[in-house]
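Chain by chain, the residues:
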Amino acid sequence: VKKAKTAKDSNTHGLTKCRVLLAELEAHPDAWPFLTPVNQKAVPGYRKVIKKPMDLSTIREKLTNNQYLNLETFIADVNLIFDNCEKFNEDDSEIGRGGHSMRRFFDKRWTELLD
Ligand SMILES: Cc1nnc(-c2cnn(C)c2N)n1CCCn1ccnc1
């Protein structure tokens, strides 16, 4: 029997899914370009081109600091990683291919975790 969904329940429930998904993203073999913030001093053009940098360690920090209201706001930050990657990297490049691979994996997993 499905328990009545209170706002708190769906929030807690949603945050558990965020933790599961983030752990899987961090452990993925193609995650290496996305584990830490792009070094904007070392990468010419990145600061100018990418308006909202995002990476998995920043998402981990925000999750730890309870900054995600729900699964949707978490998914938006993860997609930002992949959109930034597509904007800055050729599809036919190692980092570009890694971004596509990670996005495919993430899309599959979060849809599987939906109620
Ligand atoms: C993520 C991401 N998107 N673009 C880059 C990047 C970094 N340098 N260059 C020339 C790029 N296109 N990144 C960060 C990749 C992280 N990285 C690079 C080497 N070791 C880690």
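Here's a quick rundown of the structure. Along each chain, residues carry numbers from 1 onward, in the same order as the chain's sequence is written. Only residues with pLDDT of at least 70 are given local features in this predicted model, and only at 80 or more are side-chain atom pairs given and counted; all residues enter the totals for whole chains, interfaces and linings. Only heavy atoms go into the side-chain values, all of them from the structure, while hydrogens and water stay out.

Okay, the site of the ligand next. One heavy atom within 4 Å of a molecule or strand makes the whole residue count as near it. Residues in close proximity to the ligand include Trp 32, Pro 33, Phe 34, Val 38, Val 43, Phe 88, Asn 89 and Ile 95, which together make up its full environment. For the purposes of these results, a polar contact is taken to be a pair of N or O atoms within 3.5 Å, where, inside protein, one atom must be able to donate a hydrogen and its partner to accept one; residues adjacent in sequence count only when each atom of the pair is a side-chain atom. Take Asn 89: an N or O atom from its side chain is 2.9 Å from a nitrogen atom of the ligand. Contact with the protein chains removes 59% of the 470 Å² of surface that the ligand exposes when unbound. Residues are grouped as follows: Ala, Val, Leu, Ile, Met, Phe, Trp, Tyr, Cys and Pro are nonpolar; Asp, Glu, Lys and Arg are charged; every other residue, Gly included, is polar. Across the shell around the ligand, the residue classes break down as 7 nonpolar, 1 polar and no charged. Only the protein chains shown count as cover for residues, and all accessible areas are computed by the Shrake-Rupley method using a 1.4 Å probe.

Any Phe, Tyr or Trp ring, taking Trp's six-membered ring, that has another such ring centre within 6.5 Å forms a pair; planes under 30 degrees apart are called stacked, those over 60 apart edge-to-face, and the others tilted. Across all of its chains, the model carries 5 aromatic pairs by this definition. A ring pair is formed by Tyr 46 and Phe 88, whose centres lie 4.7 Å apart and whose planes are at 70°; its orientation type is edge-to-face. You can see Tyr 46 sitting in helix H2 (residues 46-49) and its partner Phe 88 sitting in helix H4 (residues 71-88), a full 42 residues away along the chain. When accessible area is computed with a 1.4 Å probe and restricted to protein chains, residues below 20% of their type maximum are described as buried, those above 50% as exposed, and intermediate ones as partly exposed. Judged by its relative accessible area of 7%, Tyr 46 falls in the buried class. Among the aromatic residues, those joined into a ring-pair cluster are Phe 34, Tyr 68, Phe 74, Phe 82 and Phe 106. Under the DSSP-based scheme used, a helix requires at least four consecutive residues in state H or I and a strand at least two consecutive residues in state E, with every element numbered from the N terminus.

This part takes up the pattern of salt bridges. In the sections that follow, a salt bridge refers to a side-chain nitrogen of Lys or Arg positioned within 4 Å of a carboxyl oxygen of Asp or Glu. Considering all chains together, one arrives at 8 salt bridges under this definition. With its nearest N and O atoms 2.7 Å apart, the salt bridge here joins Asp 77 to Lys 62. In this pair, Asp 77 sits in helix H4 while Lys 62 sits in helix H3 (residues 56-64), placing the two residues 15 residues apart along the sequence. Salt-bridge contacts for Asp 92 lead to Arg 97; the nearest nitrogen and oxygen are separated by 2.6 Å. Classification of Asp 92 by relative accessible area gives exposed; the value is 67%.

Attention now moves to unusual backbone geometry. A positive phi is found at Asn 66, a non-glycine position, where the angle reads about 60°. Look at Asn 66 and you get exposed, because its relative accessible area is 58%.

In short, shape yes, function no, at least from these values alone.
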